[in-house]
Structure formats: C-alpha cells, structure tokens
Amino acid sequence: MDIREYIKDRILYLDGGMGTMLQERGLQPGELPERWNVLHPDIIIDVHKAYYDAGSNVVSTNTFGANSLKFSDEELESYIRAAVENVRKAASLSEGTQEKFVALDIGPIGKLLKPYGDYDFEDAVSVYAKTVRIGASCGVDLIFIETMNDSYDTKAAVLAAKENSDLPVFVSNAYSEDGKLMTGATPSAMVAMLEGLGVDAVGANCSLGPAQLKGVVDGYLENASVPVLLKPNAGLPRTENGKTVFDVFPEEFSDLMAEYVKDGVRIAGGCCGTTPEYIAATVSKTRTVTPVPVVPKNKTVISSYTHTVEFGKSPILIGERINPTGKKKFKEALREHDIEHILSVGIAQQDRGAHVLDVNVGIPEIDEPALLTEVVYELQAIIDLPLQIDTTDVVAMERALRRYNGKAMINSVNGKEDVMNEIFPLVKKYGGLVVCLTLDEEGIPDTAERRIEIARKIIARAEEYGIARKDLIFDTLAMTVSADDKAALATLDALDYIRHELGCNTSLGVSNVSFGLPQREIITSSFFLMAMTRGLSAAIMNPNSNEMMKVYYSFKTLMGIDESCGDYIANIDKFAVSTLTAPSASGTASGASGASAAPAADDGLSELQRAIVKGMKEQAAKITAELLKDTDPLEIVSEQIIPALDIVGKGFEAKTMYLPQLLMSAEASQFAFEQIKKKVAESGTSGQSKGKFVIATVKGDIHDIGKNIVKLILENYGFDVIDLGRDVPPETVVDAVVAHHAPLCGLSALMTTTVPAMEETIKLLRKEAPWCKVCVGGAVLTQEYADMIGADFYGKDAMATVRYAVSAVDN
C-alpha cells in the first residue's frame, strides 16, 4: 500500500531513537553509526525489529549522516544499500502484523549555507541528491528528512528528494526553546514553504521533549493542510556513569503523545532517548483514538526565512521601490551593479512599514536571470520580509524562485495561454502565491465583466496544474483615470466580484491610477482607500508616501482590524507631516510624482553603527575608511563597532533579531575591521588581541555550523581564534590548547552519540591544561548536561558564549 493512502484515515507510527540505542550496544565516542550497517548488521537489524515489534509502521534506515561529505561514493552506496536491506530483513523477522514501511532517513549535512555560511545552495542539493538516488534505487517506501534546523538547508534537501525520486517526502524540523529554528523560522513559515514544495507530511523532532514542543505542535496543527508528525526526545539529556540518559520515561512520554494525537497529530514516534518501550506505550494508548481529519486550511500565505504574511485579514503593503520604472537613479544602480543602493532601498521600505518587497530589475542591457537571482539572494541576507519576484523573463523567474528561501510571491501570470503554460509549472514545483493579471491575448479589457471572465479562465487552468485558489491573487489592473474617467470603476467592480464572489484575494498597483495628473498622491491615496473598502487584499505601493500610510492606518482603525488602535497609535506620528507640499530637489512638490522621500532614520545610531546593524558590508567599509582619516582606529572599534555588535547581540538574545541578522552584522563589522587592520599595518603598530580561543567540533561529529558562528563573532570581538575544524580527537584539542597556552576552549556537538567524546576531551584538558576554561554548546546539550561532563560554561547560543569569553578575559 502507498503510505499516502495509508495515512488518509489512520494514525501512522514511526520508530524511536537509533543513536542512543547503538551506544547501549557498544558504539564508541566518535564512531560513525552508518558503518555499523556493514560491520554489525545483526545489531542494526535487531534494533529495527524491536521497533516493528513495538508497533512502528515506519522504520527509518540507519543513514542519518550518510552523505558524500562524510563518505566516498563507494562507501556511501555500500552503507545505504546495507541499511535498506537491514530494515527489510527486520520487517520480515518481526511478528508485528501492522502495515510496514521503510523510510530513507536523511539528516542535515552540517553546513551553514551562503550567505550566512560558506556552502553553496546547489552544492547542498547535489549532496542530498546522491543519497536520495541510492536510497530510491533500493526501493524504499518514502524519504524522511529530519532534524533540520535551517529552512534553506531544508529546501535543498526537499528539492533533491523531489527531483531525484517520485517517493513520498516527510519533513521534520528541529526547534529551539523559543519555538523557532536556529535561523529564525516559525512553524507557520516552514508549513508555507514545505507545502508549496509539495511534501506529504510536516512536523518536528529532536531538541526537546514532548511537553516543550507544545507551542510548535500547535503552530503546525493550526496551519498545515497535510498530516502533522511529531518525534520528540525523551526529555532532556544528562549523563550517569558515562552514559547518556533522559528524564522523561515511557509512561509520561506516551501520555503526552496520546494528547497530541487527540489534538490532531497523525504521525507519531520518538527521537533521542526513546526506545521500543516508548513506541509500544504510545501505540497502546492511541490505537483506539479516531484520527482527526486532515483538512485544508485555505490560508493565502507567503513566507520569508523567518515568518509568514497572510492575505485576506488586514491589507498587505507591498513596497514598489525596487523597480527601475521611472527611477533614473535606480536604473544607474542596476547598470553599475550597485547592490548596496538596491539593498538600501529595501531597508528604507522595511523601516517605513512594508510587509513585502517587490523585486524587479528588468532593464534591457543587463543579464536579468543573473542579477535578479543575486538581488533576491542579497536582500534575503539582510532583510527578513517576504519578496515578490517580479519579472516577465521565465528563466529569471525560475532561477530566483529556486534560490528563494521561503514561499515567494510571483508576479505574474495572466490569461494568455502561453504565459500560463510557462508560469504555472514553476508555481507547482517551487510553491508561491501568483499574481494573476486580468488580461489576455486581446489586451486589457475595458469592462469589469471581461476581467472577471479572464479570472475564471485563470482559476480553471490553475486547477488543472493542481494549484488552489488560495495561491492565486488577482490584479484587476488600475488604469489611469486621466485617459478614461470610468477606468477606476471598472477596476474596483472587478476586484469586488473576484474577492467576494470568486473567493480569491486581490492586489493592485495603485499608483497607476493617477498617472498624468498633478498632486498624484491625492488621487492615489483616495483610490487606495476605495479599493480597500471594496476588498483589496494587497497594494503594490510606495511606503515612503506619508499620505498612503496615513490612509492605510486610518482604514485599519475605522474597520475594526486594528485592536485598541494599537498600530495607529504606534505608527501615525511617523507620517503626520504631509508630503504634498514638501519641496523636492527640483523645486516642485514631491507629491507630483508620487515618490516622496522617506525621512532620515532617527534611531540614535551613527552611520557606521547603522550600517553594521543592518548588515551593509560595503557601506560599513566605506564609512570606516572615511572615519579613519581623522579618528583613531581604537576609538572606532570601541565607540562604534563594538557597540553596534552589542546592539545586535542583545537583540539576538531578546529574540527580536535572529541568527541571519547576527551573522550579516558580524560580516559587516569584519569589512569595517579590514579597513582598520589596513590602517594599523600602515602605521607600523599592531592591534591588541583579547586572547586566544581554541575551538572545535568534537570527534565523530561533522556538524560545524554552531562552531563557525561562534568563531565569526569572537573574531569580531577581538579574539584570536584557533579553529581546529570538525571531527577533532581529544588529543588534538589538548595539543592546541597547550601549544598556544589558550585560556579558553570551545567544544561543539550536535548529536547525542558524540557528546561522550566531548566529555572525554574535557577530562583530558583538566589533566593537561588545567588553566583553560572550557565552553560547550550544541543542540543536544543543556546546563545540567554541561555541568555533569565538567564544562565551565554552557552556551545556549553564540552570543552567550561570546559574552562569557569577554567576561573571562576581562576578569
């Protein structure tokens, strides 16, 4: 039976932990579990059989870390084929009578992808693809992508799975205590992206116990239109007599899992620390529970790498300024490849309250596919707003959609057959909310009736591609009233009908209505208000226009969608000064073109601090070079760079800023530091180091994302970091600490199977380098666990480790 059919009206049971089970069977610290598929198949088969006997429907292959970064091609094929055969044999030996499936297990490759790390997205896709192809050729029943803590890495794995097999794909992400992924994504953001990519089930595993995942599970159940899966840890880990144990036992675990199943979880299992006993208890307590039906949520959403924007409740503002039409300076920036200018336009719109940014770089003399992809990539590096990818070039559209981190807005399709045939396959493959223009081969209709007719045609064609109405948003095309005094009415009548009778969301480029008229903002803002009262879901508009923003916040308040007038009170003072009479550089009223300037930032930051906080690398370098002409380098570091990093660090700790922003700010500060180093070298002096810090990912663990993040930020705070890399034996760590007489050492581990290697390293450091303070971090660690293995400090995140290091050397 196809597993997709099986789960339609049944609870599906997964297996439990593998790594902790193998540790009990003799897996040594640093030893790669995948090798046991060939070296100790009897043990692996026995573990798999125990899960089938406990009632698991799905048992995953012992291939969590099986990828081409860790193994040669020959080894990889050997271990995966053996892993699949081991599960098959276990299924045949099991006395369980339930339906049984074999899942190809795929874990993260342990690399942070560009722009936050140094590994390319397509390289990650290629690594995952090798694993997928081997597993698919072995005849597995599904692909289970699990423990992913970054949305971009998740997308790479899903694309590899979808492009190299036709198997069902389940995806499970690992969340932190704040209910977000390491790189900031919420459950709703992951649902939006993954459902857009066409996966068959979504959910969470690892990191936390069942009780701590309540908010995450609720987020999935509220938003997912596919089955939700849950594989929690057996609580939090600690060590007893050198062994890793967990604090939630089968009875409590299964009680909590039973409640989740009653709430709507359809796929249940366990992760680190769980055993067949946990699965058996869960099966026993839920086998008579009637499965909660999986129903379409019909939410119209797009997402960035952090959050979703939902259409249909409050009108959404789409910033229109990243577009060369009518903008001489922007065209020059595109020709000169001035990415910093484009980014500054995006930041300005974000600061003014845009929810989404339209991105259009289409001018004849550039390579649009290359530039659009680059601009999308660079914008997502420093801005967490969802983007609307705006192009008529299908090649450019696909490249940008492929690289986009989230579920994008796609501008656009229309009623022309050739356009629908080009765009709808892209929407189906990559996901997205597609803007549908109500025009066809005959052009833009004059009447509302013809535009509605085109909308019906687009809806029907989209359904043929499996694209639901919720992923269509209709633009009924605002035309200039200076050429046709009935144009606005036709637009609004069509918009009203499509919104309320056809049940689709709507969007307009509202500024078109006033083209050719004086004081354009008066007409544009009035039309904007009229459109919102008729059902406008989103407006492509200029957020730098005070008049437009005043209308927007007033409308929300008067329509009862601004609770306690909170948004109005918080924002309206920014827009209180009219832009209609503000003189422009040419001496004319700025409102005449509808392109009034945004006010200067009033955040109390210096130019350099703002550039660092916003992650503007080139800008930070230029400002620093200018400052160095008459300012002491040390003064720039102490009074500008470090305070800027502290602002971002505190934001990260307060969860108002996320890892990507932290990393891009650190990179911007590095650009500033390079200018300072150059100046110091010219003067013949040397900068003062805060001290040496040895850092490593422990033996057996190839996941170095956390280590690399800590390294980057430590260097920006003035530390001399000796990076030993990943899979580092205890002796190598100790040798480096002794050779450099380093006062600090940082150790990282992602997997429970490698934490014993961390403990071994600490014991050796205590013996050979007793002066050295040891910091530890990683997804599987807790304060209690760190204390038990003898660490001096547990860093729950990168900034916590950096602050400890600073305090340690300062004291």
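No experiment lies behind these values; they were computed from the predicted model shown.

**Student:** Is there a simple way to think about the overall build of the protein chain in this case?
**Tutor:** Scanning the protein chain from N- to C-terminus turns up 30 helices and 25 strands. In terms of overall dimensions, the protein chain is globule-like: its C-alpha atoms have a radius of gyration of 28 Å, near the 28 Å expected for 811 residues. Across its three principal axes, the protein chain shows a C-alpha extent of roughly 80 × 75 × 50 Å. Relative to its 811 residues, the protein chain shows a buried fraction of 61%. For the protein chain, the exposed area adds up to about 30700 Å²; of that, 51% sits on carbon and sulfur atoms. Taking the 79 positively charged and 113 negatively charged side chains of the protein chain as two groups, their mean positions are separated by 1 Å.

**Student:** Which parts of the structure should I look at to understand the packing of aromatic side chains?
**Tutor:** Remark: the centre distance and the inter-plane angle together describe each pair of aromatic rings, the angle taken between the planes. All chains considered together, the criterion is met by 10 aromatic pairs. Between Tyr 552 and Tyr 553 the ring centres are 5.1 Å apart and the planes differ by 75°, which places this aromatic pair in the edge-to-face class. The pair formed by Tyr 552 and Tyr 553 is uniform in burial state, with each residue classed as buried. In textbook terms, an aromatic cluster arises when at least three aromatic residues are bridged by ring pairs, as seen for Tyr 552, Tyr 553 and Phe 575. In this structure, Lys 655 packs its charged tip against the face of Phe 652, placed 5.4 Å from the ring centre.

**Student:** Could you clarify how one ought to interpret the side chain of Asp 390 in this entry?
**Tutor:** When you line up the elements, Asp 390 lands in strand S15 (residues 387-390). Although buried, Asp 390 forms no salt bridge, and the nearest oppositely charged side chain, Lys 327, lies 9.3 Å from it. Within the structure, Asp 390 has its side chain in polar contact with the side chain of Asn 360 (distance 3.5 Å). When residues no more than four places from it in sequence are discounted, the contact partners of Asp 390 are Asn 323, Asp 358, Val 359, Asn 360 and Asn 411.

**Student:** Help me understand the sheet that holds strand S20 (residues 538-541) in this model?
**Tutor:** Backbone-to-backbone hydrogen bonds pair the strands of a sheet. The strands run either parallel or antiparallel. Taken in spatial order, the eight strands line up as S13-S14-S15-S16-S17-S18-S19-S20 and close into a barrel, and their pairing is parallel. Mean inter-strand twist for the sheet, computed between neighbouring axes without regard to direction, equals 30°. One ladder, built from three bridges, connects strand S13 (residues 316-322) with strand S14 (residues 356-359); its direction is parallel. Note that in S14 the partner of Gly 319 across the bridge is Leu 357. Packed onto the sheet, helix H18 (residues 487-500) meets strand S18 (472-475) and strand S19 (505-509) and runs at close to 155° relative to S19.

**Student:** Help me understand the sheet that holds strand S3 (residues 101-106), please; the structure alone is not making it clear to me.
**Tutor:** One open sheet accounts for eight strands, arranged S1-S10-S7-S6-S5-S4-S3-S2; its pairing is parallel. Here the strands that pair on one side only, and so sit at the sheet edges, are strand S1 (12-13) and strand S2 (58-60). Across four bridges, the pairing between strand S4 (residues 142-148) and strand S5 (residues 169-173) is parallel. Looking at the pairing, Phe 144 lines up with Phe 170 of S5.

**Student:** Honestly, helix H9 (residues 214-223) in this entry has me stumped. Any pointers?
**Tutor:** Note that an α-helix has 3.6 residues per turn; residues three or four places apart therefore point the same way. Residues of H9 that are buried include every one of Val 216, Val 217, Gly 219, Tyr 220, Leu 221 and Asn 223, and no others. Close packing links the buried residues of H9 with S5, helix H8 (187-197), strand S6 (201-205), strand S7 (228-231) and helix H10 (250-263).

**Student:** What should I look at first to understand a negative patch on the surface in this one?
**Tutor:** On the surface, a cluster of negative charge is contributed by Asp 247, Glu 252, Glu 784 and Asp 787. Within the secondary structure layout, Glu 252 lies in helix H10. Classification of Glu 252 by relative accessible area gives partly exposed; the value is 42%.

**Student:** Even after reading the chapter, I still don't get the nonpolar core, so can you show me in this structure?
**Tutor:** The nonpolar side chains of soluble globular proteins are, as a tendency, buried together. Ranked by internal contacts, the top residues of the largest apolar core, which has 197 residues, are Ile 145 and Ile 641. Looking at which element gives the most residues to this core, the answer is helix H25 (residues 659-683), with 10 residues. Dropping the residues within four chain positions of it, Ile 641 is found in contact with Leu 608, Ile 612, Ile 636, Ser 669, Ala 672, Phe 673 and Ile 676. Counting 29 residues, the second largest nonpolar core, distinct from the first, contains Leu 747, Met 758, Val 776 and Ala 791.

**Student:** Would you mind showing me how to read the state of the cysteines here?
**Tutor:** As used here, a disulfide is simply a covalent bond connecting the sulfur atoms of two cysteines. Applying the stated criterion to the full structure yields zero disulfides. No disulfide involves Cys 436; its sulfur sits 7.7 Å from the nearest other cysteine sulfur, which is in Cys 504. With relative accessibility at 0%, the residue Cys 436 sits in the buried group.

**Student:** Quick question: what am I supposed to make of the pairing of strand S24 (residues 773-777) here?
**Tutor:** Regular strands show a simple pattern: their side chains alternate between the two faces of the sheet. The element S24 is extensively covered by neighbouring structure, given that four of its five residues are classed as buried. Note that strand S23 (residues 744-748) and S24 share five bridges and pair parallel. When the bridges of S24 are listed, Leu 744 appears paired with Lys 773. You can see the chain leave S23, run along helix H28 (residues 755-768) and come back into S24, and the turn it takes is right-handed. Where S24 meets strand S25 (residues 793-794), two bridges bridge the pair, whose relative direction is parallel. Note that in S25 the partner of Val 776 across the bridge is Tyr 794.

**Student:** Looking at this model, I keep getting lost on the environment of Met 397. Mind explaining?
**Tutor:** For Met 397, the position within the fold is in helix H15 (residues 394-403). Along the primary structure Met 397 and Ala 736 are separated by 339 residues, whereas in three dimensions their C-alpha atoms are 49 Å apart. Beyond its immediate sequence surroundings of up to four residues, Met 397 is in contact with Ile 389, Thr 391, Ile 410, Asn 411, Ser 412 and Leu 426.

**Student:** Is there a simple way to explain the pattern of salt bridges in this structure?
**Tutor:** A side chain of one charge can pair with a side chain of the opposite charge when the charged atoms of the two come close. Applying the stated criterion to the full structure yields 48 salt bridges. Linking Lys 470 and Asp 471 is a salt bridge whose minimum nitrogen-to-oxygen distance equals 3.2 Å. Of the residues examined, Asp 471 reaches a relative accessible area of 12% and is grouped as buried. Across the salt bridge formed by Glu 653 and Arg 803, the nearest N and O atoms sit 2.9 Å from each other. Linking Glu 653 in helix H24 (residues 633-653) with Arg 803 in helix H30 (residues 798-810), this pair joins segments that are 150 residues apart in sequence. What you see here is one network of salt bridges that share partners, running through Glu 417, Glu 441, Lys 457, Arg 461 and Glu 464.

What counts, and where the lines are drawn
Residues numbered from 1 in each chain as written. Predicted model: local features only at pLDDT ≥ 70, side-chain atom pairs only at ≥ 80, totals over all residues. Heavy atoms only, no water. Helix = DSSP H or I, 4+ residues; strand = E, 2+ residues; numbered from the N terminus. Rg over C-alpha atoms; globule rule 2.2 N^0.38 Å. Buried < 20%, exposed > 50% of the residue type's maximum accessible area, 1.4 Å probe, protein only. Areas by Shrake-Rupley, 256 points an atom, 1.4 Å probe, with all protein chains shown as cover. Lys, Arg positive; Asp, Glu negative; His and termini not counted. Charge placed at Lys NZ, Arg CZ, Asp CG, Glu CD. Phe/Tyr/Trp six-rings, centres within 6.5 Å; stacked < 30°, edge-to-face > 60°. Lys NZ or Arg CZ within 6 Å of the ring centre and 35° of its normal. Salt bridge = Lys/Arg side-chain N within 4 Å of Asp/Glu carboxyl O. Polar contact = N/O pair within 3.5 Å; in protein donor to acceptor, adjacent residues only side chain to side chain. Contact = heavy atoms within 4.5 Å. Pairing = 2+ DSSP bridges. Axes fitted to C-alpha atoms, helices over the stretch in contact; angles between N-to-C directions. Patch = residues over 30% accessible without salt bridge, like charges linked within 9 Å, V, L, I, M, F, W, Y side chains within 5 Å. Core = buried A, V, L, I, M, F, W, Y, C linked by side-chain atoms within 4.5 Å. Disulfide = S-S within 2.5 Å. Right-handed = clockwise from strand over helix to strand, strands pointing away.

In short, the description is geometric, and any link to function would need to be established separately.
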